[in-house]
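Descriptive analysis of the structure
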Amino acid sequence: QKEVEQDPGPLSVPEGAIVSLNCTYSNSAFQYFMWYRQYSRKGPELLMYTYSSGNKEDGRFTAQVDKSSKYISLFIRDSQPSDSATYLCAMSGPNSGGSNYKLTFGKGTLLTVNP
Amino acid sequence: SQTIHQWPATLVQPVGSPLSLECTVEGTSNPNLYWYRQAAGRGLQLLFYSVGIGQISSEVPQNLSASRPQDRQFILSSKKLLLSDSGFYLCAWGPGLIEQYFGPGTRLTVT
């Protein structure tokens, strides 16, 4: 079982739709959860960063973490064509030594928002 | 504010040639620095990370190496490139051990 699973899509929605992007993970030690947006041929950009379970909202974006189910989501409200990009989930937690945090990434979901 | 630079933006190199990719960070001190490779269908692969000058940890054994000659400079090198080294190379920095912020990347094609 891979540490982080993310549906690669592609996902195509009309402008104004609510988008739901999801990742599941297997490592219960993960404590920090991030979502990155990557436009074609660009570096990933950090969108949201949450610690442990719960919700975090930033404008049209809401990140949700359910540690009991090992499931995280990113919701995009009122989606726009400029939201078209690949969305990567990432998570981290202590390694066996407890002192070093590294990010484990999903492979990304390609989203297209059609005008 | 902090800025991360990478160069070159694109590179085409023949098999067996050397490689040097450079990354610099502005506006912060003592950042954690990372090199990733992103290949189609394979996601982001952590290659090296550094928590200080001269401190390099390798994640994947391969023909690449990394160095950190200055606090905010991170260099990825190879003595002889392989076809399999083609990909999108990303440098990232982090203020601590959690968030990471990525540079614009270098697209390397080995022919």
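Data block above holds the structure.
Residues numbered from 1 in each chain as written. Chains lettered and ligands numbered in written order. Predicted model: local features only at pLDDT ≥ 70, side-chain atom pairs only at ≥ 80, totals over all residues. Heavy atoms only, no water.

1. Brief notes about the sheet that holds strand β6 (residues 54-58) of chain A
Residues and elements named next belong to chain A. Worth spelling out the cut-off: Paired strands, as defined in this entry, are two strands with at least two bridges between them according to DSSP. The way it works is that DSSP assigns letters per residue, a run of H or I at least four long becomes a helix, a run of E at least two long becomes a strand, and they are numbered from the N terminus. In this analysis, axes come from line fits to C-alpha atoms, helices being fitted only over the stretch in contact, and the angle between any two N-to-C directions falls in the range 0 to 180 degrees.
In spatial order, the strands read β1-β3-β8-β7-β6; together these five strands make up an open sheet with antiparallel pairing. Both outer strands of the open sheet, β1 (4-6) and β6, are each paired with one neighbouring strand and no more. Neighbouring strand axes in the sheet, compared pairwise and without regard to direction, differ in orientation by 15° on average.

2. Let's talk about the environment of B:Thr24
Residues and elements named next belong to chain B. Let me state the cut-off plainly: When accessible area is computed with a 1.4 Å probe and restricted to protein chains, residues below 20% of their type maximum are described as buried, those above 50% as exposed, and intermediate ones as partly exposed. We call two residues contacting when some pair of their heavy atoms lies within 4.5 Å.
In this fold, threonine 24 is placed in strand β3 (residues 19-26). We classify threonine 24 as buried; its relative accessible area is 18%. When residues no more than four places from it in sequence are discounted, the contact partners of threonine 24 are Thr3, Ile4, His5, Trp7, Arg72 and Gln73.

3. Here's the deal with the state of the cysteines
Residue and element names in this part refer to chain B. Quick reminder of the rule: In plain terms, two cysteine sulfur atoms within 2.5 Å form what is called a disulfide here.
Using the criterion set out here, one finds two disulfides over all chains in the structure. Paired by a disulfide, cysteine 23 and cysteine 91 hold their sulfur atoms 2.0 Å apart. In this structure the cystine formed by cysteine 23 and cysteine 91 twists about its S-S bond by roughly -75°; its chirality is therefore left-handed. Of this pair, cysteine 23 sits in strand β3 while cysteine 91 sits in strand β9 (residues 87-94), and the two are 68 residues apart along the sequence. Overall, the relative accessible area of 1% leaves cysteine 23 in the buried class.

4. Looking at the pairing of strand β8 (residues 73-78) of chain B
Looking along a regular strand, one sees side chains alternate from face to face of the sheet. Residues and elements named next belong to chain B. With five of six residues buried, β8 is to be regarded as a mostly interior element. Where β3 meets β8, six bridges bridge the pair, whose relative direction is antiparallel. Counterpart to cysteine 23 in the pairing with β8 is phenylalanine 74. The pairing of strand β7 (residues 64-70) with β8 spans five bridges and is classified as antiparallel. Bridge pairing links serine 65 to serine 77 in β8.

Everything listed here is a matter of geometry and, on its own, says nothing about what the molecule does.
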